[in-house]
Amino acid sequence: MATDAAESATKPGLRKPVFVKVENLKPGTNGHTVTVKVLSSNTVLQKGRSTSQNLRQTRIAECLIGDETGTILFTARNDQVDLMKPGTTVILRNAKIDMFKGSMRLAVDKWGRIEVTEPASFVVKEDNNLSLVEYELVNVEE
């Protein structure tokens with residue numbers, strides 16, 4: 001019994017996820033946990049031969065996702081494309097912000113997860129698309 005307490009004291013505990021809203025996402029940040037609805041999904045790249053089992057097929061889709069505070073484009077890769085169907089509610093864990101042509105895109109890499117969950121009760125605010133805001137890197141000289 002005493003060894004269990006000693007073991008749990010030495011092991012770092014899992015921290016609780018902090019859910020953020022879409023409007024609070026900023027360029028260059030990562031580790032976001034977001035609950036969003038998928039509004040649309042467009043396949044932008046499909047490469048590879050499906051006949052060969054050795055060659056892995058590359059698929060990329062741009063999905064418009066959002067919550068009650070705004071929307072953002074999500075870049076889904078390979079198996080993620082199948083999960084991101086319009087009308088689905090998903091939880092994105094450990095998501096990061098990628099910059100593409102000066103605008104923000106949300107992505108989940110190999111360290112993150114996409115979980116399909118029960119439909120959310122919120123209405124998506126579609127007039128606040130964060131991916132339409134263009135950012136420019138400015139060097140500050142002192």
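Residues numbered from 1 in each chain as written. Predicted model: local features only at pLDDT ≥ 70, side-chain atom pairs only at ≥ 80, totals over all residues. Heavy atoms only, no water.

J.: What should I look at first to understand the overall build of the protein chain in this one?
T.: A tally of helices and strands in the protein chain yields two helices and six strands. What you see in the protein chain, going N to C, is helices and strands ordered as α-β-β-β-α-β-β-β. Looking at the 142 residues of the protein chain, the share that counts as buried comes to 34%. Here the contacts in the protein chain between residues at least 6 apart in sequence split such that 61% fall between residues at least 24 apart. (Helix = DSSP H or I, 4+ residues; strand = E, 2+ residues; numbered from the N terminus. Buried < 20%, exposed > 50% of the residue type's maximum accessible area, 1.4 Å probe, protein only. Contact = heavy atoms within 4.5 Å.)

J.: Would you mind going over the pattern of salt bridges with me for this structure?
T.: For side chains of opposite charge, pairing can occur when their charged atoms come near one another. Considering all chains together, one arrives at six salt bridges under this definition. Taking the shortest distance from any N to any O, the salt bridge between Glu 62 and Arg 105 comes out at 2.6 Å. On the criterion of sequence distance, the pair formed by Glu 62 in strand β2 (residues 58–67) and Arg 105 in strand β5 (residues 103–107) is long-range, its members being 43 residues apart. The residue Lys 96 makes a salt bridge to Asp 98 at a minimum N-O spacing of 3.6 Å. Taken together, the shared-partner salt bridges connect Arg 93, Arg 113 and Glu 115 into one network. (Salt bridge = Lys/Arg side-chain N within 4 Å of Asp/Glu carboxyl O.)

J.: Explanation requested: the environment of Gly 66 in the structure shown.
T.: Counting through the fold element by element, Gly 66 comes out in strand β2. Residue classification places Gly 66 among the buried residues on the basis of a relative accessible area of 0%. Residues Gly 66 and Val 34 lie 32 residues apart in sequence; the distance between their C-alpha atoms is 9.3 Å. Setting aside anything within four residues of it in sequence, one finds Gly 66 in contact with Val 22, Val 36, Lys 37, Thr 71, Phe 122 and Val 124.

J.: Help me understand the environment of Thr 58, please; the structure alone is not making it clear to me.
T.: Mapped onto the secondary structure, Thr 58 falls in strand β2. Taking C-alpha positions, Thr 58 is 5.7 Å from Asn 78, a pair spaced 20 residues apart along the chain.

J.: How should I be thinking about unusual backbone geometry in this particular structure?
T.: Backbone geometry follows two general trends: most residues other than glycine have a negative phi, and most peptide bonds adopt the trans configuration. Unlike most non-glycine residues, Asn 78 shows phi in positive territory, near 50°. Mapped onto the fold, Asn 78 is located in the loop between β3 (70–77) and α2 (80–83).

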